[in-house]
Amino acid sequence: MYSIASDMPFILADKVAPYAWFPEGASSFAPQVDYLFTGILWICILFFVPIVIAMVYFMWAFRERPGYRGSPEALHNTPLEITWTVIPTAIVVWIFWEGAVGYLDMARIPKGTVDVNVTAKKWVWSFKYENGGENSFEKIGSVDYPKLVLPVDQDIKLIMRSEDVLHSFYIPAFRAKRDVVPGRYNYMWFHTTKTGIYDLFCTEYCGDNHSNMNAKVEVVSEEEYKKALEKAVQEPEDPLERGKLLYKRLGCSTCHYAGDEGANGPGPSYNGSWGKSVPLESGESVPFDENYVRESILNPPAKKRKGYGAASPMNSYAGRIKDEQIDALITFMKSLENAQPKTGK
Ligand SMILES: [Cu+2]
């Protein structure tokens, strides 16, 4: 399992804004969101405190005691009632107005954006750039994060879809959040204002390893972005390197432990599997070889491994994976023939 917990300080520390508990803003939405959030927070405080003080005072002043008789009927005070109707109404209208303006700004996608395709699946984010290249990964601590590279001072449009269940795309530093839905595209946009590395979270509970469905967004200069795009195009020639990359890029690592990385479940570890005999739900056994791996990738329910089969969350990769990519993954699994199972778990 990824040890996200040990990397938590990295995620939470750094850049905490003076108020609003958001990280320091890095998109053009940030000032507006922070302004409204802080405004509403202060309105709440300015109402809450006097109301509670008055409440406690009235409890004491009008308590029942010998010789005290309260008013037999509710009293009426027109100026007071007008005041406490008009002021809150004005405040609510202001909140609505600010909220609506901000919402429209986020909903209206400008022309001339840098477009990135975002795909969510259990439990990995993947990013495809305009030139067809896909994202790389960045190791921080013990965790390999998918990394989305974006140019600074640009309007960015994300075209988002999910391959399985509902996910939600959230970059706190950009104050940008949107659901990612299977069976349709969802769009969002933002304008990057600052270079740096930012957190990206899935904020829709999407199954066992939801809490590991994180990524990093790196905002870089225009030149660095061009370089990153060139690098993003190719998959490595070397089949083993290619297999290692695909293992992460295709999300296998979110369910299968391999080498010394990846999640410890719900899928079996590849370590030491190659060439062994695999017991199936059906009672038969099959050798862990090329054909078994291929079938497991293209049609996972065909041969269910004993003890894993009942509620297997593995989706078929048919139509999403090329034969050479399967070959590369096989090379990767072969290289783990003598790898040790994960210890200490
Ligand atoms: Cu998710």
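Quick caveat: nothing in here was measured; it's all calculated off a predicted structure.

### A word on the overall build of the chain
When its secondary structure is counted, the chain shows seven helices and 12 strands. Whereas a compact globule of 345 residues would reach a radius of gyration of roughly 20 Å, the chain reaches 27 Å, over 25% beyond that. By its C-alpha atoms, the chain is 90 × 55 × 35 Å across when sized along the principal axes. Put simply, the chain has 345 residues, and 24% of those count as buried. Considering only intrachain contacts with a sequence separation of at least 6, the fraction spanning at least 24 residues in the chain is 65%.

### A word on the sheet that holds strand β8 (residues 186–191)
Note on sheets: strands pair through backbone hydrogen bonds, and any given pair is parallel or antiparallel. Ordered by their spatial adjacency, four strands build an open sheet running β2-β1-β5-β8, and the pairing between neighbours is mixed. The sheet is open, and its two edges are formed by β2 (124–128) and β8, each paired on a single side. For this sheet, the mean inter-axis angle between neighbouring strands, taken without regard to orientation, is 25°. Pairing between strand β1 (residues 114–121) and strand β5 (residues 155–162): seven bridges, direction parallel. Along β5, the bridge assignment pairs Ala120 with Ser162.

### A look at the packing of helix α6 (residues 290–298) against helix α7 (residues 323–334)
Running from N to C, α6 and α7 point in directions that differ by 125°, and their axes come no closer than 10 Å. In terms of orientation, α6 lies oblique with respect to α7. Crossing angle aside, the handedness with which α6 passes α7 is right-handed. Seen from α6, the contacting residues are Glu290, Val293, Arg294 and Ile297; seen from α7, they are Ile326, Ile330 and Met333. Within the contact of α6 with α7, the residues separate by chemical class into five nonpolar, no polar and two charged.

### Here's the deal with the packing of helix α5 (residues 239–249) against α7
In a pair of packed helices, the angle between the axes and the distance between the axes together describe the arrangement. In the contact formed by α5 and α7, the axes pass within 7 Å of each other and the chain directions differ by 100°. On the basis of their axis angle, the class for α5 and α7 is roughly perpendicular. Between α5 and α7, the residues in contact are Pro239, Leu240, Arg242, Gly243, Lys244, Leu246 and Tyr247 and Gln325, Asp327, Ala328, Leu329, Thr331 and Phe332, respectively. Counted by class, the contact of α5 with α7 contains seven nonpolar, three polar and three charged residues.

### Overview of the pairing of β2
Where β1 meets β2, five bridges bridge the pair, whose relative direction is antiparallel. Bridge assignment links Asn117 to a residue of β2, and that residue is Lys128. Hairpin connection of β1 to β2: two residues between the antiparallel strands.

### With respect to the pairing of strand β10 (residues 214–220)
Taken across its seven residues, β10 has five buried, putting it largely inside the fold. Here five bridges tie strand β4 (residues 143–151) to β10, and the two strands are oriented parallel to one another. Its bridge partner lying in β10, Val149 is registered against Glu218. Inspection of the sheet shows strand β9 (residues 196–202) paired to β10 by six bridges, in the antiparallel sense.

### Some thoughts on the domain arrangement of the chain
Considered domain by domain, the chain is made up of domain 1 (30–65 + 74–107), domain 2 (114–233) and domain 3 (239–334). Taking the mean C-alpha position of each, domain 1 and domain 3 sit 57 Å from one another.

### Topic: unusual backbone geometry
Lys122 connects to Trp123 through a cis peptide bond whose omega is -5°. Look at Asp153: it is not a glycine, yet its phi comes out positive at around 60°. Within the fold, Asp153 resides in the loop between β4 and β5.

### Some remarks on the environment of Gly207
Mapping Gly207 onto the fold places it in the loop between β9 and β10. Expressed as a C-alpha distance, the spacing of Gly207 and Thr38, which sit 169 residues apart in the sequence, is 33 Å. In this structure, Gly207 is in contact with Lys122, Trp123, Val165 and Pro313, ignoring residues within four places of it in sequence.

### Overview of the confidence of the model for the chain
In low-pLDDT segments, the atomic positions of the prediction should not be examined closely. Across the chain, the average pLDDT comes to 88, with 92% of residues at or above 70. Considering only residues more than four positions removed or in separate chains, one finds that residues 1–19, a stretch of pLDDT under 50, has 28 contacts.

Definitions and limits used
- Residues numbered from 1 in each chain as written.
- Predicted model: local features only at pLDDT ≥ 70, side-chain atom pairs only at ≥ 80, totals over all residues.
- Helix = DSSP H or I, 4+ residues; strand = E, 2+ residues; numbered from the N terminus.
- Rg over C-alpha atoms; globule rule 2.2 N^0.38 Å.
- Buried ≥ 20, exposed ≤ 12 C-beta atoms within 10 Å, placed from the backbone.
- Contact = placed C-beta atoms within 7 Å.
- Pairing = 2+ DSSP bridges.
- Axes fitted to C-alpha atoms, helices over the stretch in contact; angles between N-to-C directions.
- Parallel < 35°, antiparallel > 145°, perpendicular 65-115°, else oblique.
- Left-handed = near helix turned anticlockwise from the far one by under 90°.
- Nonpolar A, V, L, I, M, F, W, Y, C, P; charged D, E, K, R; others polar.
- Domains from an automatic or database assignment.
- pLDDT = per-residue confidence, 0-100.

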